[in-house]
Number of protein chains: 2
Amino acid sequence: MSVSAEIICIGTELLLGEILNGNAQYLAQQLASLGIPHYYQTVVGDNPTRIKKAVAIACDRSRLLIFTGGLGPTPDDLTTEALADFFQAPLAERPEIIADLEQKYAHRGGFSPSNRKQALLPVGADILPNPAGSAPGMIWQPRTGLTLMTFPGVPAEIKQMWQETAIPYLRQQGWGQETIHSRVLRFWGIPESVLAEKVSEQLALKNPTVAPYAGNGEARLRITARAKTEAEALQLIHPVETQLRQLTGLDCYGADEDTLASRVGELLLAAGETLSVAESCTGGGLGEMLTRLPGSSHYFMGGVISYANSVKVRLLNVNSGDLEQSGAVSEIVATQMAQGVKNHLATDWGLSITGIAGPGGATLEKPVGLVYIGLATPKDSVQTYECRFNSQRGRSWIRHLSILTALDYLRRQLLILAQ
Amino acid sequence: MSVSAEIICIGTELLLGEILNGNAQYLAQQLASLGIPHYYQTVVGDNPTRIKKAVAIACDRSRLLIFTGGLGPTPDDLTTEALADFFQAPLAERPEIIADLEQKYAHRGGFSPSNRKQALLPVGADILPNPAGSAPGMIWQPRTGLTLMTFPGVPAEIKQMWQETAIPYLRQQGWGQETIHSRVLRFWGIPESVLAEKVSEQLALKNPTVAPYAGNGEARLRITARAKTEAEALQLIHPVETQLRQLTGLDCYGADEDTLASRVGELLLAAGETLSVAESCTGGGLGEMLTRLPGSSHYFMGGVISYANSVKVRLLNVNSGDLEQSGAVSEIVATQMAQGVKNHLATDWGLSITGIAGPGGATLEKPVGLVYIGLATPKDSVQTYECRFNSQRGRSWIRHLSILTALDYLRRQLLILAQ
């Protein structure tokens, strides 16, 4: 039995594929940042027999079992009962949970009978309070050397419970003494295999390790160090990161939480310049991505969603003759959209996207996946960039790549101008 | 050993929480639609010993093991080797894979030595072709009554391989003879617990079963039937769905793949009316959501992202005196934004959102989470709706709820006007 943790997510909706397992991702990140090794995740449905089988396997290989889901008020919420049964502990109603639920439900039609089962916990278990929702979890050591923690399935509730109660508890119990620290370098415009060969020497390192992977249209390198403290881990990571950045140049756009939008934001802030956008096939997604960041109002003024051609003409001064002659998906329309939004919103930069996201709208010369990006610069020139994305990948993927490619195009221009 | 399948996702990036396990979700949906029972999912890192342990457990409880990840060209891609080792089968290079890879890499700098290991498969395994990427998978029966399928980690590649090769193979092998069919009813504006009590009688049914759950800000009811054919399953589901819809009325906005945006689109199409949007705190997200749907250009004309106040005045004719007096987040500005975009884009409806998504920008009277929705109707009236979302839930959640609440507000008005 190793001193590792295991995440066990309970919910038939996961087995039916109705939801993404974001809880496993969150808890995995949290365990990694505490340096708690974690080698397995299990998903099992709302079935007491199979929950107990999963627990039996997990007890054999892990000492900290973290459960999500199955704590709600409905009859298919069975996690607590299954755990109590497996470890043969009786359930007892906790008056403090009843009182808490009564108070929480006071303003929304009152505590309902179905909530009463949420107050049942195995004898010996501690309440893991849930300030953001109804279902409390528990922290329980049903036998020496084995700790269980249960959380509901609602992501925001898990996060608060983890931060406020689980982390202090784990640290106090001596978990999280070593740290595994990772840093992820992010790349746009270079395939994973090309990247991996550029940095093949670093891929052989032992501490930190360097591993390439791909996701969401971008290639990444994960640098992972194991050390006593985060500071020591960072010291191991730093020189390797420097080497990797030197080897990859402009293709590396950032690290960790950086996004193309956040990098663009930083560069605009540094230059004291403003941006507006004109979007056709992306329908607002470029603005949405830019404004995910708090503080984006310092450099992002807004934009025009010119989905219909009439809007391109009325709000962006696109020439209707050019529209008719070259079509909405053309270099000249991308140019005029970028220029139009920059002028109309009085910004330093204007960034436009017009393309065919599909599945309809294609012609022989203009296939699905053809996208033009226009960029009006502070020097009043307009540049365009033609993309031909794989039409097989579908509408949402083409829109996603269009937005990120536009941001990367702007990023590179900002970097070149700043030099 | 039951005749069920199991999904085993391999990748240290999953254990580190760097990516969401969308592959498990996709495969789970696919198994469910084929009626192949599936009771467990396992995630394990790129470690041959632990991969083999996970395989040992899975062999004991499932007869079809579906693997994702670890087929790439880099040294940490170990799935095939681990499986060959576990079942003690030698690996052999497949010339047809080498030929395929050489062709695929011809136009991007050539086949690289690291790709050669992707051509190694256990003796006895069949190639599972990967038309969309480099790494092929395999279909292998290492012993009687046990089938393995391996897929790479890239979602788009898995999907194509699953559809083109795995489904025909499974059907031919006699899997997927019974079907489990689910239908999900979707609700906006009613909490899960209130919903569950409204339909408590249906929650006790056996076939179909009805289960409530919550996600993404909405409550849902999953109706699941097991039958020989999909048609029979649908016959079991239909009367229960009718009862549930009668019990829940307008709060039920749709089913399965329906979204609030798709329902709004259907209602606008049916009415022959058009829509434009004016967005402040959501920065384009409302337009983005509306244009996810192919064909949305039939009713969605576009909009204005009026992130800066100057854009509200210049492009939407918001009165600058009102802006100064009442602030950008106010009923009157929401009203003028909706009216302004409807007029400017000449649409039947104009929908606006202005609010404080946080974390900054709040005042004593106007907390984070205060959002106004404005709706200019075809009858030239403007209605507004004030939302006070929980400020604790953070910026992206408040933006998400703002968009969906605005769409739901429009949906209800469209339904009322259509009556």
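Residues numbered from 1 in each chain as written. Chains lettered and ligands numbered in written order. Predicted model: local features only at pLDDT ≥ 70, side-chain atom pairs only at ≥ 80, totals over all residues. Heavy atoms only, no water.

Asker: Could you clarify how one ought to interpret the overall build of chain A in this entry?
Answerer: In terms of regular secondary structure, chain A is built from 15 helices and 17 strands. Within the span of chain A, comprising 419 residues, buried residues form 58% of the whole. Here the analysis covers contacts within chain A between residues at least 6 apart in sequence; of these, 67% occur between residues at least 24 apart. On chain A, roughly 16,500 Å² of surface is accessible, and the fraction owed to carbon and sulfur atoms is 51%. (Helix = DSSP H or I, 4+ residues; strand = E, 2+ residues; numbered from the N terminus. Buried < 20%, exposed > 50% of the residue type's maximum accessible area, 1.4 Å probe, protein only. Contact = heavy atoms within 4.5 Å. Areas by Shrake-Rupley, 256 points an atom, 1.4 Å probe, with all protein chains shown as cover.)

Asker: Looking at this structure, I do not really get the packing of aromatic side chains. What am I missing?
Answerer: How two aromatic rings sit relative to each other is set out by the distance from centre to centre and by the angle between their planes. In total, this model carries 10 aromatic pairs over all chains according to the counting rule given. Aromatic side chains Phe86(A) and Phe87(A) sit 4.8 Å apart centroid to centroid with 85 degrees between the ring planes, which places their arrangement in the edge-to-face category. Accessibility expressed as a relative area gives 25% for Phe86(A), which makes it partly exposed. Take Phe87(A): its relative accessible area is 14%, and that puts it in the buried class. The cationic tip of Arg50(A) hangs over the ring face of Tyr39(B); the distance from NZ or CZ to the ring centre is 3.5 Å. Across from the ring centre of Tyr40(B), 3.8 Å away, lies the NZ or CZ of Arg61(B), which sits over that ring. (Phe/Tyr/Trp six-rings, centres within 6.5 Å; stacked < 30°, edge-to-face > 60°. Lys NZ or Arg CZ within 6 Å of the ring centre and 35° of its normal.)

Asker: Just checking my understanding: could you explain the sheet that holds strand 8 (residues 146-151) of chain A for this structure?
Answerer: Overall, mixed pairing links the 12 strands, which are arranged 6(A)-7(A)-8(A)-3(A)-1(A)-2(A)-2(B)-1(B)-3(B)-8(B)-7(B)-6(B) in an open sheet. In this open sheet, the two strands that pair with only one neighbour each are strand 6 (126-128) of chain A together with strand 6 (126-128) of chain B. Pairwise comparison of adjacent strand axes, ignoring direction, gives a mean angle of 20 degrees for this sheet. Two strands pair when backbone bridges link them, and strand 1 (residues 5-10) of chain A and strand 2 (residues 38-44) of chain A are joined in this way by 6 bridges, in the parallel orientation. The residue of strand 2 of chain A that forms the bridge with Ile8(A) is Thr42(A). On the sheet, helix 3 (residues 48-61) of chain A packs against strand 1, strand 2, strand 3 (64-68), strand 7 (137-143) and strand 8 of chain A together with strand 2 (38-44) of chain B and is oriented at approximately 175 degrees with respect to strand 2 of chain A. (Pairing = 2+ DSSP bridges. Axes fitted to C-alpha atoms, helices over the stretch in contact; angles between N-to-C directions.)

Asker: Mind showing me how you'd approach the interface of chain B and chain A here?
Answerer: For an interface, size is often stated in terms of accessible area lost upon the parts coming together. With 80 residues of chain B at the contact, the number on the chain A side is 80 residues. The contact between chain B and chain A buries some 6,400 Å² in all, and 58% of this surface belongs to carbon and sulfur atoms. Scanning the region where chain B abuts chain A turns up 4 salt bridges. Here Arg399(B) makes a salt bridge to Glu288(A), at a shortest N to O gap of 3.2 Å. At the boundary of chain B with chain A, the tally comes to 35 residue pairs in polar contact (both at pLDDT 80 or more). Considering each element in turn, the side of chain B that touches chain A owes the most residues, 7 residues, to strand 2 of chain B. Broken down by class, the residue content of the side of chain B that touches chain A amounts to 34 nonpolar, 30 polar and 16 charged. (Buried area = accessible area lost by both parts, 1.4 Å probe. Salt bridge = Lys/Arg side-chain N within 4 Å of Asp/Glu carboxyl O. Polar contact = N/O pair within 3.5 Å; in protein donor to acceptor, adjacent residues only side chain to side chain. Nonpolar A, V, L, I, M, F, W, Y, C, P; charged D, E, K, R; others polar.)

Asker: Can you walk me through the pattern of salt bridges in this structure?
Answerer: In this structure the tally under the stated criterion is 36 salt bridges over all chains. Between Glu241(B) and Arg183(B) there is a salt bridge, with the nearest N and O atoms lying 2.4 Å from each other. Separated by 58 residues along the polypeptide, Glu241(B) in helix 9 (residues 230-248) and Arg183(B) in strand 9 (residues 179-187) bring together distant segments of the chain. For Arg183(B), a relative accessible area of 23% puts it in the partly exposed group. The shortest N-O distance in the salt bridge between Glu386(B) and Arg388(B) comes to 2.8 Å. Through salt bridges with shared partners, one network takes in Arg183(A), Glu241(A), Arg245(A) and Asp256(A).

Asker: What is the right way to read the nonpolar core from this model?
Answerer: It is characteristic of soluble globular proteins that their nonpolar side chains tend to be buried jointly. Formed by 84 residues in total, the largest nonpolar core has its most connected members in Leu407(A) and Leu407(B). Excluding its chain neighbours within four sequence positions, the residues that come into contact with Leu407(A) are Leu260(A), Ala261(A), Val264(A), Leu286(A), Met289(A) and Leu290(A). (Core = buried A, V, L, I, M, F, W, Y, C linked by side-chain atoms within 4.5 Å.)

Asker: Hey, could you run me through the packing of helix 10 (residues 260-271) of chain B against helix 15 (residues 395-418) of chain B in this one?
Answerer: Pairs of packed helices are described in terms of their axes, by the angle between the two and the distance that separates them. All names here are of chain B. The contact between helix 10 and helix 15 brings their axes to 9 Å, and the two run at 30 degrees. Viewed along their axes, helix 10 and helix 15 adopt a mutual orientation that is roughly parallel. Crossing handedness for the pair helix 10 and helix 15: left-handed. In this structure, helix 10 contributes Leu260, Ala261, Arg263, Val264, Leu267 and Leu268 to the contact, and helix 15 contributes Leu404, Leu407, Asp408, Leu410, Arg411, Leu414 and Leu415. Residues that form the contact of helix 10 with helix 15 fall into these classes: 10 nonpolar, no polar and 3 charged. (Parallel < 35°, antiparallel > 145°, perpendicular 65-115°, else oblique. Left-handed = near helix turned anticlockwise from the far one by under 90°.)

Asker: Sorry if this is basic, but what is going on with helix 2 (residues 22-34) of chain A here?
Answerer: Every α-helical turn comprises 3.6 residues, leaving residues that sit three or four positions apart pointing alike. With 13 residues, helix 2 of chain A ought to run about 18 Å at 1.5 Å a step, and its terminal C-alpha atoms sit 19 Å apart, in line with that. Here helix 2 of chain A lies mainly inside the structure; 10 of its 13 residues are buried. Along helix 2 of chain A, the residues classified as buried are Asn23(A), Ala24(A), Gln25(A), Tyr26(A), Leu27(A), Ala28(A), Gln30(A), Leu31(A), Ala32(A) and Leu34(A). Those residues of helix 2 of chain A that are buried are in contact with strand 1, strand 2, strand 3, helix 6 (155-172) and strand 9 (179-187) of chain A together with helix 1 (12-15) of chain B. Positive backbone phi, at 70 degrees, marks Gly35(A), one or two positions downstream of helix 2 of chain A. (Expected span 1.5 Å × (residues − 1).)

Asker: Before we go on, may I ask you to explain the relation of the copies chain B and chain A in this structure?
Answerer: Two chain copies here: they are related by a rotation about an axis and a translation along the same axis. Note on the copies: chain B fits chain A at an RMSD of 0.1 Å, the axial shift is 0.0 Å, and the rotation between them is 180 degrees. Both copies of the chain, as the preceding transformation shows, are related through a two-fold rotation axis. No C-alpha of chain B lies nearer the rotation axis than that of Gly284(B), which sits 2.0 Å from it. In this assembly, 100% of the residues forming the interface of chain B have copies in chain A that are likewise at the interface, indicating an isologous arrangement. (Least-squares fit on C-alpha atoms with pLDDT ≥ 70 in both.)

Asker: I tried to follow helix 9 (residues 230-248) of chain A on my own but got confused; where do I start?
Answerer: All names here are of chain A. Between its first and last C-alpha atoms helix 9 spans 26 Å; for 19 residues at 1.5 Å apiece the expected length is 27 Å, and the two agree. Of all bends in helix 9, the biggest is about 30 degrees, found at Ile237, and the proline Pro239 comes one to four residues later. On its buried face, helix 9 is in contact with strand 9, helix 7 (192-198), helix 8 (200-203), strand 10 (209-215), strand 11 (218-227) and strand 12 (252-255). (Bend = angle between axes of the 7 residues up to and from the residue.)

Asker: Help me understand unusual backbone geometry, please; the structure alone is not making it clear to me.
Answerer: Working note: non-glycine residues mostly have negative phi, and peptide bonds are mostly trans. Residue and element names in this part refer to chain A. A cis geometry characterises the amide bond from Asn207 onward to Pro208, with omega recorded as 10 degrees. For the bond from Gly358 to Pro359, the omega torsion is 0 degrees, close enough to zero to count as cis. By the secondary structure assignment, Pro359 is in the loop between strand 15 (349-355) and strand 16 (370-376). We note that Asn317 has phi near 60 degrees; this positive angle belongs to a residue other than glycine. Residue Asn317 is classed as exposed on the basis of its relative accessible area, which comes to 59%.

Asker: I keep staring at the packing of helix 3 (residues 48-61) of chain B against helix 4 (residues 79-86) of chain B and nothing clicks. Help me out?
Answerer: Residue and element names in this part refer to chain B. Put simply, helix 3 and helix 4 touch, their axes get as near as 9 Å, and they point 55 degrees apart. By the criterion of interaxial angle, the relationship of helix 3 to helix 4 is oblique. Between helix 3 and helix 4 lies a crossing whose hand is right-handed. Contacts from Pro48, Ile51, Lys52, Val55, Ala56 and Cys59 in helix 3 reach Ala82, Leu83, Asp85 and Phe86 in helix 4. A per-class count over the contact of helix 3 with helix 4 returns 8 nonpolar, no polar and 2 charged.

Asker: Looking at this structure, how should I read the pairing of strand 3 (residues 64-68) of chain B?
Answerer: Residue and element names in this part refer to chain B. When you tally the buried positions in strand 3, you get 5 out of 5 residues, the bulk of the element. Residues of strand 3 alternate between two faces, with Leu64, Ile66 and Thr68 on one and Leu65 and Phe67 on the opposite face, all of them buried. Pairing of strand 1 (residues 5-10) with strand 3, which is carried by 5 bridges, proceeds in the parallel orientation. Residue pairing for strand 3: Ile8 is matched across the bridge by Phe67. Across 5 bridges, strand 3 lies against strand 8 (residues 146-151) in parallel orientation.

Asker: What is the right way to read the pairing of strand 1 of chain B from this model?
Answerer: Within a regular strand, the side chains alternate between the two sheet faces. Among the 6 residues that make up strand 1 of chain B, 6 are buried, leaving the element largely enclosed by the rest of the structure. Of the two faces of strand 1 of chain B, the one lined by Ala5(B), Ile7(B) and Cys9(B) and the one lined by Glu6(B), Ile8(B) and Ile10(B) are each fully buried.

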